[in-house]
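The lines below spell out each chain.
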Amino acid sequence: MTVLWNTEERYGWVAILLHWLMAALILGQFTLGFVMTRTDDQRLAFERIQLHKSIGLTLLALAAVRIVWRLANRQPHLPDLPRAEARAARMVHAVLYALLLVLPLSGWALVSSSVLEIPTMPFGLLVLPNLPLDVSEAAEAFWASVHRWIGWGAIALVCLHVLAALRHHFWLRDNILLRMVGAERRE
Ligand code: HEM
Ligand code: HEM
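What comes next concerns the included structure. (Residues numbered from 1 in each chain as written. Chains lettered and ligands numbered in written order. Predicted model: local features only at pLDDT ≥ 70, side-chain atom pairs only at ≥ 80, totals over all residues. Heavy atoms only, no water.)

**What about the site of ligand 1?**
In the vicinity of ligand 1, 20 residues are found, and the nearest of them are Gly33, Met36, His52, His147 and Arg148. At 2.8 Å, a side-chain N or O of His147 approaches a nitrogen atom of ligand 1. For the shell around ligand 1, the secondary-structure elements that each account for two or more residues are α1 (13-36), α2 (42-72), α3 (83-112) and α4 (137-172). Sort the elements by how many residues they give to the shell around ligand 1 and α3 lands first, with six residues. (Near = heavy atom within 4 Å. Polar contact = N/O pair within 3.5 Å; in protein donor to acceptor, adjacent residues only side chain to side chain. Helix = DSSP H or I, 4+ residues; strand = E, 2+ residues; numbered from the N terminus.)

Right, dumping it as structure tokens:
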């Protein structure tokens with residue numbers, strides 16, 4: 001039975017829930033980010049951007065919880081893999097964790113440096129303070145392109161990550177994908 005904490009063989013429910021909740025929200029964010037920057041109706045675009053900011057900041061909070069949980073837990077062993085492959089997996093996971101922080105932070109930097117000075121109110125609950133950054137058109141353009149490039153880079157890395165997971169499941173036929181859903185393969 002899968003419990004809350006990770007063991008050497010499997011992920012616990014907290015890690016599993018955080019993984020899939022954040023994966024779903026991030027895929028939603030990519031889509032929303034893409035759609036909202038191509039929405040002609042100004043009012044609709046504004047509402048979509050507000051939602052994008054609220055979900056993005058929720059993801060930032062979840063990232064902090066997830067990283068603390070990761071550090072407090074042991075890590076399930078990888079199956080027998082060539083050393084380079086195991087190292088690549090660990091590296092991709094570390095970069096994904098870094099992106100979970102850097103991507104929303106770059107969005108926060110972008111709205112903080114915007115000359116429009118529109119307040120950020122996650123789900124209308126509170127006013128988020130701006131980061132102490134230069135407010136100018138040049139700074140806004142800089143952070144917008146940083147956010148965009150990190151966003152597109154993250155999409156590429158997530159695709160690689162998903163392909164690797166599918167390869168483990170359908171080709172190598174190991175437990176890697178199953179243990180991320182709390183199941184295991186029956187022989
Ligand atoms: C994991 C979280 C996030 C993801 C995956 C994400 C992703 C994206 C993507 C894909 C775009 C469209 C880029 C383009 O093609 O032009 C975008 C734009 C944008 N994002 Fe995010 N974002 C995240 C968090 C945030 C946060 C926390 C904020 C602000 C508090 C934010 C503010 C914005 C803004 C204002 C734009 C429009 C930029 C422009 O006008 O070019 N994002 N985001
Ligand atoms: C935005 C989307 C995603 C992000 C940011 C993400 C991030 C991560 C991270 C950081 C880990 C390492 C967990 C740890 O060891 O602490 C991980 C593990 C994993 N992810 Fe994702 N993931 C995403 C989507 C997906 C999807 C769609 C799939 C499935 C097709 C998937 C399958 C897996 C599997 C199977 C593992 C476990 C690897 C292992 O046991 O070592 N992920 N993911």
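**Quick word on the layout of surface pockets**
In this approach a probe as big as a water molecule rolls over the atoms, and the regions it shows empty are the leftover space. Counted as a void, the second largest pocket has a volume near 170 Å³. Lining the second largest pocket are Glu8, Glu9, Arg10, His77, Leu78, Pro79, Asp174, Asn175, Ile176, Arg179, Ala183 and Glu184. Looking at the lining of the second largest pocket residue by residue, the class counts come to four nonpolar, two polar and six charged. (1 Å grid on protein atoms, 1.4 Å probe; cavity = no way out; pocket = protein on both sides within 12 Å on 5 of 7 lines; lining within 4 Å. Points joined across faces, edges and corners; volume = space filled by probe spheres on them. Nonpolar A, V, L, I, M, F, W, Y, C, P; charged D, E, K, R; others polar.)

**Describing the coordination of the iron atom of ligand 2**
Of the protein atoms, only His19 (NE2) and His161 (NE2) coordinate the iron atom of ligand 2, at distances of 2.0 Å. With a relative accessible area of 23%, His161 lands in the partly exposed category. (Donors = N, O, S within 2.8 Å, 3.2 Å for Na, K, Ca; no water. Buried < 20%, exposed > 50% of the residue type's maximum accessible area, 1.4 Å probe, protein only.)

**Concerning the site of ligand 2**
In the region of ligand 2, 20 residues are neighbours, and His19, Arg70, Gln75, Tyr97 and His161 sit closest. With respect to ligand 2, the side chain of Tyr97 contributes an N or O atom lying 2.6 Å from an oxygen atom. Counting residues per element, the ones that place at least two in the shell around ligand 2 are α1, α2, α3, α4 and α5 (176-179). Residue composition of the shell around ligand 2, grouped by class: 13 nonpolar, four polar and three charged.

**Points about the coordination of the iron atom of ligand 1**
Octahedral metal centres with six donors ideally show angles of 90 or 180 degrees, and tetrahedral centres with four donors ideally show 109.5 degrees. Coordination of the iron atom of ligand 1 by the protein comes from His52 (NE2) and His147 (NE2), over a distance range of 2.0 Å. Note that the iron atom of ligand 1 binds six donor atoms; their angles at the metal cover 87 to 179°, and the shape is octahedral. Of this pair, His52 sits in helix α2 while His147 sits in helix α4, placing them 95 residues apart in sequence. No difference in accessibility class separates His52 from His147, as the two residues are buried. (Tetrahedral: all angles 85-135°; square planar, octahedral: opposite > 155°, others 65-115°.)

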